[in-house]
Amino acid sequence: MIKFITKRLIIAIPTLLIIIAFGFIMMRVAPGGPFTNERALPPEIERNIQEAYNLNKPIYEQFFIYIKNLSVGDFGPSFKYKDFTVKELIISGLPVSATLGLSSIFISLILGSFLGIIAAIRKNTYFDYSIMGISLIGICVPSFVMAPILSLFFGLYLGLLPTSGWNGGNIFNLILPITALSLPQIAVISRMMRSSTIEVLNSNFIRTAKSKGLKSSYIIRKHVIRASILPIIEYLAPASAGLMTGSIIVEQIFGLPGIGRYFVVGALQRDYTLVSGVMILYASLLIILILITDILRAYLDPRVKI
Amino acid sequence: MQSIQKNIKNSDLLLEVNNLNVFFDTADGKIQAVKDVNLFINKGECLGIVGESGSGKTQTFFSITGLLSSNGYCNGSAIFKDFDLISASEDKKREYLGKSIGFIFQDPMTSLTPHMKIGEQLSEIATFHDNLSKSEALKRALNVLDIVKLPKSRNLINSYPHELSGGMKQRIMIAISLMCSPELIIADEPTTALDVTTQSEILNIFNDLQKGMGISIVLISHNIGVIAETSDRVMVMKGGKVVEKGSTFDVLTSPKDEYTKHLLSCIPPWLEG
Amino acid sequence: MNKQENIKAIEISKTLKGRSLWVDARRRLFLNKAAVISLFTLIIISIVSVFGPFFLQYNFSDTDWGSIYQPPSFETGHYLGTDGNGRDLLVRILHGGRLSLSIGLIATFVSVFIGVLYGTIAGFFGGKLDIFMMRIVEILYAMPYLIFVIILMVVFGRNIYFLFIAIGAVEWLTMARIVRGQTISLKEKEFIETSKALGQSNTLIIVKHIIPNLAGPIIVYITLMVPSVIILESFLSFLGLGVQEPLTSWGVLISEGSREMETAWWLLIFPGSFMVITLASLNFIGDGLRDAIDPKEY
Ligand SMILES: Nc1ncnc2c1ncn2[C@@H]1O[C@H](COP(=O)(O)OP(=O)(O)OP(=O)(O)O)[C@@H](O)[C@H]1O
Ligand SMILES: [Mg+2]
């Protein structure tokens, strides 16, 4: 097991290096970037950057130093917020984004799989049709349409829920953003789960289980779910990537001070250090998620060797 | 002749199927896979079913045991010891399936749950039907492995299906059907996927079960040679209909139906007699 | 038999088999009501977007300070209302549709082109090259690709042509995977073996035999890709990183609408509906096509 994880991590390193190199190169070649000459910056920031990036040293050494700094969580100073380092900005946004992201991924996985299984068991009933109909809405209505509509309806017209702000993580402030973020994923996951469950239910080994006279609820629990959840596990990383990008929109619309918000502001203001810091953070998270996917897959399917 | 058969039928009857029809809804409309099948099985007897591929052998017994695909349905009656399996509720049917009736499927390679250990796939049936504890059920599983001539090893109990050979999987399938000492075993082409040596070993196991333990067996095959070796009576199917039935000796020595004659002409000569 | 005749025979057998397959698939597609209705809807939206603006009395950039935030009304001729600059919403939605749909098509084309090329090369030549090329795809898969696009847009400026390329450049990965898989299975087929034996060059084999046989999966994939590209473009425009004024797209309109929904709901609802209907239609067409080409019975 430990060997498997180390092997996977070693494979992941080149990926991460490429992403870091991309961020590094981008900062150097980008027009108006921190290292081009035509900049006209306030002297304090100028000095910060000079120090942080050792501009007098050769470029490969700069890259090396950059990686070394990253490995201890030092993303360098922000290019636009002169009093903050990128790390400080990320840490200040992390609680918001992590709360949003983690609750959404759990809700989507649990609710999506659950609805998918029920729809598969009750295939071609009104329950199935309504679940699939609703999930179609989730798929066809992108988050940047869904979020404002939710906020318009529940916030402005019904006045039930606050439409913006973090408010210290108050649950009422979270309901709309989490809903807007989870709906598309619930939709995708429930459809995937439905079709994979139907496939498993039609398989020979389920026929064997039925021939044993076992209860259907037991068959579903022991024989069906572990096989039919595999595609969902595979979807874990893409779903999380979807949530990361979704949270950029949702934080924007609901005025939440998360990492996604900083990312957009950074992108609009060409704050290259901030943008590449967020990119590296997200990429590392995805790599970890892919690792988790591999482990889960090996656990669920004994045919996979680890 | 007729009256003698009637007699046997009444005294020792285990399963009697009357006017069984099986239908499927498909993209091209409704099709009938089994047409008005009548059959019976006595206690301790081996009934052979032969017929070409697609003749409805499997679906006949799927419908009796309620294992048809979701697009299939059936009518008729299948009386198992005074109890009609076809009109029974799901719950009631479950009491018989796995307990009194064991089913061995055509394709052993895909018929075991890939993510469950062999031990659990064997023992769950006994914990469910006979209320055994997990360890009692595992003990029984080990004994049953002995009957199907597999090593009584913990190792085997702890392995997953993909770690076993085709022949071993088929033996496991047989072991599953034996877990609750059934009165009837339906074996759907249990030897087709196997090599000749393994084939005859498996057939020997069935022989032991029938002769030694008095279990009734339905043996489905398209190999009439296999049937000749094991069955007391044969039923020949074609296109969803029964075209001929009778004692194995009668059918093989003086076939009346053209199709049966054709089937017989396909057996290699060393199996005859 | 000489070489020419051989090749001809291969061609004919292939087209024949191909043709009946397509006829079958088309029949199944047209039996699928949802797909047919969606196809019509999509055609109507496209035609209206392209030609509609010529028949409307307003221009998409005409500002009219006398009639800002007008709700939808038939009397004024602002059928879907006006925005904060008094511009007609309907005409802007149609213009936005032109842009969103064409970005969808062009970026999809770019990504299909890259994906098909990459996938066939990897699959056809196999071996070390294949392993290497697929490793790259795997690495790129692990990237948060939307963030990637955002960064590309930041670095190279918010240029609409660059938007096509940036989107195309990140969307080709799945296409490459599918095509590679198909190529590998096709490679074993007889007609390819024969062509090889006849000494046709690799390029010729790829262009004449492999690529035409990939039509099915490519078409299905396009119907999945177009909506995701449209969403991606709108997403970027929504954040202010995509299409820039005075041009407009559905994403830009939705973004404006969501900022002003408290005063003028129509600015959000109408562009949103156009987009959602288009996405839903593409989705149904995609499902229909997939079922038609590869029917599965449940
Ligand atoms: N789910 C289904 N939907 C539609 N038709 C089916 C379905 N299952 C079986 N059939 C049809 O029922 C007929 C009988 O099938 P059956 O499985 O009983 O054949 P068989 O005699 O067991 O053949 P084999 O020797 O190949 O196992 C076949 O023509 C088959 O096409
Ligand atoms: Mg069969």
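Conventions we followed
- Residues numbered from 1 in each chain as written.
- Chains lettered and ligands numbered in written order.
- Predicted model: local features only at pLDDT ≥ 70, side-chain atom pairs only at ≥ 80, totals over all residues.
- Heavy atoms only, no water.
- Pairing = 2+ DSSP bridges.
- Helix = DSSP H or I, 4+ residues; strand = E, 2+ residues; numbered from the N terminus.
- Buried < 20%, exposed > 50% of the residue type's maximum accessible area, 1.4 Å probe, protein only.
- Polar contact = N/O pair within 3.5 Å; in protein donor to acceptor, adjacent residues only side chain to side chain.
- Donors = N, O, S within 2.8 Å, 3.2 Å for Na, K, Ca; no water.
- Phe/Tyr/Trp six-rings, centres within 6.5 Å; stacked < 30°, edge-to-face > 60°.
- Domains from an automatic or database assignment.
- Contact = heavy atoms within 4.5 Å.
- Buried area = accessible area lost by both parts, 1.4 Å probe.
- Salt bridge = Lys/Arg side-chain N within 4 Å of Asp/Glu carboxyl O.
- Near = heavy atom within 4 Å.
- Areas by Shrake-Rupley, 256 points an atom, 1.4 Å probe, with all protein chains shown as cover.
- Nonpolar A, V, L, I, M, F, W, Y, C, P; charged D, E, K, R; others polar.
- Patch = residues over 30% accessible without salt bridge, like charges linked within 9 Å, V, L, I, M, F, W, Y side chains within 5 Å.
- pLDDT = per-residue confidence, 0-100.
- Axes fitted to C-alpha atoms, helices over the stretch in contact; angles between N-to-C directions.
- Parallel < 35°, antiparallel > 145°, perpendicular 65-115°, else oblique.
- Core = buried A, V, L, I, M, F, W, Y, C linked by side-chain atoms within 4.5 Å.
- Right-handed = clockwise from strand over helix to strand, strands pointing away.

### Focus on the sheet that holds strand β1 (residues 13-26) of chain B
Residue and element names in this part refer to chain B.
1) Next: Pairing within the open sheet is antiparallel, and its 4 strands lie in the order β2-β1-β4-β5. The open sheet is flanked by β2 (29-42) and β5 (83-84), the only strands paired with a single partner.
2) Next: With 2 bridges connecting them, strand β4 (residues 72-80) and β5 associate as antiparallel partners. Looking across to β5, one finds that Phe80 is bridged to Phe83.

### Examining the side chain of Lys57 of chain B
All names here are of chain B.
1) Next: On the secondary structure map, Lys57 appears in helix α2 (residues 57-65).
2) Next: Judged by its relative accessible area of 3%, Lys57 is buried.
3) Next: Within the local environment of Lys57, its side chain forms a polar contact with the backbone oxygen of Gly51, the two atoms lying 2.9 Å apart.

### Examining the coordination of the magnesium ion (ligand 2)
Residues and elements named next belong to chain B.
1) Next: Protein coordination at the magnesium ion (ligand 2) comes from Thr58 (OG1) and Gln106 (OE1), with a distance range of 1.8 to 2.5 Å. Note that Thr58 is positioned in helix α2 and Gln106 in the loop between β6 (101-104) and α4 (118-129), a separation of 48 residues in sequence.
2) Next: Residue classification places Gln106 among the partly exposed residues on the basis of a relative accessible area of 35%.

### Section: the packing of aromatic side chains
1) Next: Applying the stated rule across the entire model yields 16 aromatic pairs over all chains.
2) Next: Judged by centre distance (5.2 Å) and plane angle (90°), the ring pair of Phe153 of chain A and Phe154 of chain A falls under edge-to-face.
3) Next: Among the residues examined, Phe153 of chain A registers a relative accessible area of 42% and is labelled partly exposed.
4) Next: Where Phe80 of chain B meets Tyr96 of chain B, the ring centres are 5.8 Å apart and the plane angle is 85°; that geometry is what we call edge-to-face. In this pair, Phe80 of chain B sits in strand β4 while Tyr96 of chain B sits in helix α3 (residues 90-96), placing the two residues 16 residues apart along the sequence. As far as burial versus exposure is concerned, Phe80 of chain B and Tyr96 of chain B are alike and both buried.
5) Next: Three or more aromatic residues joined by ring pairs form one cluster here, namely Phe24, Phe63 and Tyr66 of chain A.

### A short note on the domain arrangement of chain B
Residues and elements named next belong to chain B.
1) Next: The domain architecture assigned to chain B consists of domain 1 (2-100 + 180-272) and domain 2 (111-179).
2) Next: Between domain 1 and domain 2, the C-alpha centre-to-centre distance is 25 Å.
3) Next: Facing the 21 residues of domain 1 at the interface are 16 residues of domain 2.
4) Next: Buried area between domain 1 and domain 2, both sides added, is near 1,300 Å², and the carbon and sulfur share of it is 67%.
5) Next: It is Cys180, Ile202 and Ile205 that lose the most area in domain 1 upon contact with domain 2, and together they represent 37% of the buried surface on that side.
6) Next: Joining domain 1 to domain 2, the criterion identifies 3 salt bridges.
7) Next: For Asp130, the salt bridge goes to Lys99, with nearest N and O atoms at 3.0 Å.

### Regarding the site of ligand 1
All names here are of chain B.
1) Next: Lining the immediate environment of ligand 1, one finds 17 residues, of which Ser53, Gly54, Lys57, Thr58 and Gln106 sit closest.
2) Next: The protein chains hide 72% of the 630 Å² of surface that ligand 1 would expose on its own.
3) Next: Residue assignment for the shell around ligand 1 shows that the elements contributing at least two residues are β1, β2 and α2.
4) Next: Sort the elements by how many residues they give to the shell around ligand 1 and α2 lands first, with 3 residues.
5) Next: Class assignment of the residues belonging to the shell around ligand 1 gives a composition of 3 nonpolar, 11 polar and 3 charged.

### A few points about the environment of Asn32 of chain C
Residues and elements named next belong to chain C.
1) Next: Considering the arrangement of structural elements, one finds Asn32 in the loop between α1 (3-31) and α2 (33-55).
2) Next: Residues Asn32 and Ile285 lie 253 residues apart in sequence; the distance between their C-alpha atoms is 9.2 Å.
3) Next: A polar side-chain atom of Asn32 sits 3.2 Å from the main-chain amide nitrogen of Ala34.

### Describing a nonpolar patch on the surface
1) Next: Taken together, Phe153, Leu156, Tyr157, Leu158 and Leu160 of chain A together with Trp265 of chain C make up a surface patch of nonpolar side chains, about 620 Å² in accessible area.
2) Next: Relative to the elements of secondary structure, Trp265 of chain C occurs in the loop between α10 (250-259) and α11 (266-293).
3) Next: Taking the relative accessible area as the measure of exposure, Trp265 of chain C reaches 35% and is therefore partly exposed.

### Thoughts on unusual backbone geometry
1) Next: A positive phi angle, near 60°, is found at Asn124 of chain A, a position not held by glycine.
2) Next: Looking at the secondary structure, you find Asn124 of chain A in the loop between α4 (86-121) and α5 (126-140).
3) Next: Despite not being glycine, Lys149 of chain B shows a phi value in the positive range, around 65°.
4) Next: Inspection of the secondary structure puts Lys149 of chain B in the loop between α5 (134-147) and α6 (154-157).
5) Next: With relative accessibility at 51%, the residue Lys149 of chain B sits in the exposed group.

### Some thoughts on the confidence of the model for chain B
Reading fine detail from the predicted coordinates is not recommended where pLDDT is low.
1) Next: Across chain B, pLDDT averages 86, with 93% of residues at or above 70.
2) Next: Within the model, pLDDT remains below 50 along residues 1-9 of chain B, and this stretch shows 5 contacts once partners closer than five positions in the same chain are excluded.

### Some details on the packing of helix α8 (residues 204-211) of chain A against helix α9 (residues 216-228) of chain A
All names here are of chain A.
1) Next: Following both chains from N to C, one finds α8 and α9 inclined at 175°, their axes separated by 11 Å at the closest point. With respect to α9, the element α8 is oriented roughly antiparallel. Residues Phe205, Ile206, Ala209 and Lys210 of α8 touch α9, and the partners they reach there are Ile219, His223, Val224 and Ala227.
2) Next: Tallied by class, the residues present in the contact of α8 with α9 amount to 6 nonpolar, 1 polar and 1 charged.

### Describing the interface of chain A and chain C
1) Next: Between chain A and chain C, the residue contacts involve 41 residues of the former and 39 residues of the latter.
2) Next: The largest per-residue losses of area from chain A upon contact with chain C belong to Cys140, Phe144 and Leu268 of chain A, which jointly make up 16% of the total buried on that side.
3) Next: Taken together, chain A and chain C are joined by 0 salt bridges.
4) Next: The tally of links from chain A across to chain C stands at 0 residue pairs in polar contact (both at pLDDT 80 or more).

### Observations regarding the nonpolar core
1) Next: Counting 150 residues, the largest nonpolar core has Ile103, Ile150, Phe235 and Leu239 of chain C as its most contacted members.
2) Next: Here the element with the most residues in this core is α11 of chain C; it accounts for 12 residues.
3) Next: With residues near it in sequence (within four places) discarded, Phe235 of chain C still touches Phe144, Thr245, Ile248 and Ile249 of chain A together with Leu146 and Ile150 of chain C.
4) Next: In terms of nonpolar packing, the next biggest core, distinct from the first, is built from 71 residues, Ile41, Val144, Leu145 and Leu203 of chain B among them.

### Some details on the pattern of salt bridges
1) Next: All chains considered together, the criterion is met by 16 salt bridges over all chains.
2) Next: Lys222 of chain A serves as the salt-bridge partner of Glu120 of chain B, at 2.5 Å between the closest nitrogen and oxygen. In this pair, Glu120 of chain B is assigned in helix α4 and Lys222 of chain A in helix α9, connecting two distinct chains.
3) Next: Judged by its relative accessible area of 28%, Lys222 of chain A falls in the partly exposed class.
4) Next: We note a salt bridge from Lys57 of chain B to Glu189 of chain B, for which the minimum N-O separation is 4.0 Å. Taken together, the positions of Lys57 of chain B in helix α2 and Glu189 of chain B in the loop between β7 (184-188) and α8 (196-213) put the pair 132 residues apart, joining distant regions of the chain.
5) Next: Accessibility expressed as a relative area gives 3% for Glu189 of chain B, which makes it buried.
6) Next: Counted as one network, the salt bridges with shared partners bring together Glu234, Asp294 and Arg297 of chain A.

### Quick look at the pairing of β7 of chain B
Residues and elements named next belong to chain B.
1) Next: Counted residue by residue, β7 has 5 buried out of 5 residues, so it is predominantly covered.
2) Next: Bridge count between β6 and β7: 4 bridges; the pairing is parallel. Among the inter-strand pairings, Gly102 is bridged to a residue of β7, identified as Ile185.
3) Next: Two strands pair when backbone bridges link them, and β7 and strand β8 (residues 216-221) are joined in this way by 5 bridges, in the parallel orientation. Directly across from Leu184, in β8, lies its bridge partner Ser216.
4) Next: Between the parallel pair β7 and β8, the chain is carried across by α8, and the sense of this crossover is right-handed.

### Quick word on the side chain of Thr273 of chain A
1) Next: With respect to the helices and strands, the residue Thr273 of chain A is situated in helix α13 (residues 272-300).
2) Next: In this structure the side chain of Thr273 of chain A is engaged in a polar contact, spanning 3.1 Å, whose partner is the side chain of Asp271 of chain A.

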